[in-house]
Amino acid sequence: MINVMEKPEIDGVIWPKQERGMRTFEKLLQSAQSILQESGIEALNSNAIAEGAGVTIPVFYQYFGDKYALLAVLGHRLTEAQNKLYVDSAAKSAEITKSREEQFETDSLKLLQETYRVTAAFAGSRALLISLRALPELTEIRLKANRDMAKIGGNILRQIRPDLSMKDATERARVSIEIGYSVVEMLLEVPSISRKRVLERTNKAIVAVFFDG
């Protein structure tokens, strides 16, 4: 998860420099997450965010140009949390060969399960994921995160399967990432279906993407 001290460059975001400002900044983010969690993206606006944080509208605009700038910070935080799991799993997979496909399948399922857990624990994640996919102001956050992880996954897959070209390996990694994140989003939207069964079936598809001809 992004640490506010790292202050990544995000259009429309003015990062606080003092501890008091950081606390206010976090209150605004938490307020937005609560609104997303309880009422969805339609209810999110600067007035509601400021009210939930117990500050005035001018205070909101001290840090955020608009609600999309705030959503971008949350989007970065969520994707960074997901990406960390992927990077850690990819490093572990670097030692796997095709003869250890079963171990890869085990590790891949664990990654899916952890990705679901981390995503579900992020307040407002369901509405945020929809925003990252649907809002033009935010889609590049998701696309860049997936591109970056596909490069990492492609490099690892090439070590496991040197018969693949770098382009093929990266494409396979990208497909697996898109499948995994789409299913996680679906599980958040349809909690009545079996998470265990869906993740296990999804994992079979991901393993096939990596290891079939």
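These lines cover the structure that appears in this document, whether it is placed above or below. All figures in this text were calculated on a predicted structure; none of them were measured in a lab.

1. Quick notes on the packing of aromatic side chains
Counting across every chain of the model gives 7 aromatic pairs. Judged by centre distance (5.9 Å) and plane angle (85°), the rings of F25 and Y63 are edge-to-face. Of this pair, F25 sits in helix α1 (residues 19-39) while Y63 is found in helix α3 (residues 57-63), placing the two residues 38 residues apart along the sequence. Neither F25 nor Y63 differs from the other in exposure class; each is buried. Relative to F64, the ring of F60 lies with its centre 5.6 Å away and its plane at 40°, an arrangement referred to as tilted. Comparing F60 with F64 shows no difference in burial state: the two are buried. Taken together through their ring pairs, the aromatic side chains of W15, F25, F60, Y61, Y63 and F64 make up a single cluster.

2. Things to note about the side chain of S46
Looking at where S46 falls in the secondary structure, it is placed in helix α2 (residues 46-53). Judged by its relative accessible area of 14%, S46 falls in the buried class. Excluding residues within four positions of it along the chain, S46 makes contact with I57, F60 and Y61.

3. Focus: the environment of S89
Relative to the elements of secondary structure, S89 occurs in helix α4 (residues 67-93). Residues S89 and G153, spaced 64 residues apart in sequence, show a C-alpha to C-alpha distance of 9.5 Å. With near-sequence residues (within four places) excluded, S89 lies in contact with D107 and L111.

4. A look at the nonpolar core
Of all hydrophobic cores here, the largest spans 53 residues; its most connected members are F64 and L70. At 8 residues, the largest contribution of residues to this core is made by α4. Excluding its chain neighbours within four sequence positions, the residues that come into contact with F64 are G12, V13, F25, L28, L29, A69, L70 and V73. Counting residues in hydrophobic clusters, the runner-up holds 10 residues, among them V118, A173, I177 and Y181.

5. A closer look at a nonpolar patch on the surface
Taken together, the side chains of M186, V190 and I193 present a nonpolar region at the surface, about 190 Å² in accessible area. As for its placement among the helices and strands, V190 is situated in the loop between α8 (166-189) and α9 (195-211).

6. Structural notes on α2
Within the sequence span of α2, burial applies to S46, I49, A50 and A53. Buried residues of α2, seen end-on, are gathered within an arc of 95° and therefore sit on one face of the element. In α2, the exposed residues that point more than 90 degrees away from the buried face are E51 and G52. On its buried face, α2 sits against α1, α3 and α4. The backbone nitrogen of N47 has a side-chain oxygen 3.1 Å away, supplied by the residue at the start of α2, namely N45.

7. Description of the pattern of salt bridges
For the coordinates displayed, the defined rule picks out 13 salt bridges. Measuring nitrogen to oxygen at the nearest pair gives 2.7 Å for the salt bridge that ties K144 to D148. Pair noted here: K144 and D148 are both in helix α7 (residues 139-160), with a separation of 4 residues, about one helical turn. Notably, a salt bridge pairs R174 with E178, separated by 3.0 Å at the nearest N-O pair. Linking R174 with E178, this pair stays in helix α8, spanning 4 residues, or about one helical turn. One salt-bridge network, held together by shared partners, links D168, R172 and D212.

The rules behind each value
- Every residue gets a number counted from 1 within its own chain, in the order that chain's sequence is written.
- For this predicted model, a pLDDT threshold of at least 70 governs which residues receive local features, and a threshold of 80 or more governs which side-chain atom pairs are given and counted, while totals over whole chains, interfaces and linings are taken from all residues.
- Hydrogens and waters are ignored; side-chain quantities use all the structure's heavy atoms.
- Ring geometry is summarised as follows: Phe, Tyr and Trp rings, the Trp one being its six-membered ring, pair when their centres sit within 6.5 Å, and such pairs are stacked at plane angles under 30 degrees, edge-to-face over 60 and tilted between the two.
- Helix numbers and strand numbers start at the N terminus; a helix is a DSSP run of H or I with at least 4 residues, a strand a run of E with at least 2.
- Buried, partly exposed and exposed residues are distinguished by accessible area as a fraction of the type maximum, computed with a 1.4 Å probe on protein chains only: under 20%, between the cut-offs, and over 50%, respectively.
- Here, residues are in contact when the closest pair of their heavy atoms is within 4.5 Å.
- Take the buried residues of types Ala, Val, Leu, Ile, Met, Phe, Trp, Tyr and Cys, join any two whose side-chain atoms come within 4.5 Å, and each joined set is a nonpolar core.
- Excluding any residue in a salt bridge, patches collect residues exceeding 30% relative accessible area, merging like charges within 9 Å and nonpolar Val, Leu, Ile, Met, Phe, Trp and Tyr side chains within 5 Å.
- Residue-level accessible areas treat just the shown protein chains as cover; the underlying method is Shrake-Rupley with a 1.4 Å probe.
- We count a salt bridge whenever a side-chain nitrogen from Lys or Arg sits within 4 Å of a carboxyl oxygen from Asp or Glu.
- What the arc describes is the spread of directions from the helix axis to the C-beta atoms.
- Here a polar contact is recorded for every N or O atom pair within 3.5 Å, except that within protein the pair must consist of a potential hydrogen donor and a potential acceptor, and residues adjacent in sequence are included only if both atoms are side-chain atoms.

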